[in-house]
Amino acid sequence: MAIFVISGPGGAGKGTIVDQLCRADPDLWLSRSWTTRARRPSEDPYSYRFTDRSTFEAHIEADGFLEWVEFLGNYYGTPLPTPPEGADVLFEIELQGAESVKQRFPESVLIFVEPPSRNAQEARLRSRGDVEETIQKRLRKAEGEEVLGHEIADHIVVNDDLERAVAEVAGIVSLYRG
């Protein structure tokens, strides 16, 4: 079983790449992260396991997360993976979580996705319905994430063309499957 981690700043297009990758590759099992934040109007209800604070905190107490963090007043967490037999695991998580997965599973492959520019990132955040305060916080956070992402990632993919970026990530996955 191979473990792949896709990370990057908000608005880089991680979710879109992961959706297309998983549709094209039935042997990838996506670990669905949990969150206490509200679902965006345009967001797929299966993009996260949306839950309340008390349920999330009970899962923390039960050691049910590989990693978790509180960001912008909401919890986000990666449950311990339970893939079906023969599947490779794919995580789509924030950089702090990616670091935790890499520490726990050193053989995991960290793919850092970044937007082609800060303007493109801002436009993507706006198009998905984020509020202004969240957009500004995510843009400020992205600068540090990109520095760290370049330091710890096994591969960096610039999402300037979706079709090319998906193909590049699929190629990386194939490379590590042997």
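Every value quoted in this text rests on a predicted model; they were computed, and no experiment measured them.

A.B. asks: Got a minute to help me understand the side chain of glutamine 121 in this structure?
C.D. replies: The residue glutamine 121 is located in helix H4 (residues 118–127) in this model. Beyond its immediate stretch of four places on either side in the chain, glutamine 121 contacts Pro9, Gly10, Gly11, Pro115, Arg138, Leu139 and Ala142.

A.B. asks: Sorry, what's going on with the nonpolar core here?
C.D. replies: Most often, soluble globular proteins keep nonpolar side chains buried together rather than apart. One finds Phe4, Ile6, Leu21, Leu90, Ile111 and Val169 to be the most contacted residues of the largest nonpolar core, which totals 18 residues. Of all the secondary structure elements, the ones that give two or more residues to this core are strand E1 (3–7), helix H1 (14–24), strand E8 (109–114) and helix H6 (162–177). The element contributing the most residues to this core is H6, with five residues. Aside from chain neighbours lying at most four places away, what touches isoleucine 6 is Lys14, Val18, Leu21, Leu90, Phe91, Glu92, Ile93, Ile111, Val113 and Val169. By size, the runner-up hydrophobic cluster in this structure holds twelve residues, among which are Val89, Val101, Leu110 and Phe112.

A.B. asks: Quick question: what am I supposed to make of H1 here?
C.D. replies: In an α-helix, one full turn covers 3.6 residues, which means residues spaced three or four apart are oriented alike. Among the residues of H1, those classed as buried are Lys14, Ile17, Val18 and Leu21. Along the axis of H1, the buried positions cluster into a sector of 95°, meaning they face one direction only.

Rules used in this analysis
Residues numbered from 1 in each chain as written. Predicted model: local features only at pLDDT ≥ 70, side-chain atom pairs only at ≥ 80, totals over all residues. Heavy atoms only, no water. Helix = DSSP H or I, 4+ residues; strand = E, 2+ residues; numbered from the N terminus. Contact = heavy atoms within 4.5 Å. Core = buried A, V, L, I, M, F, W, Y, C linked by side-chain atoms within 4.5 Å. Buried < 20%, exposed > 50% of the residue type's maximum accessible area, 1.4 Å probe, protein only. Arc of directions from axis to C-beta.

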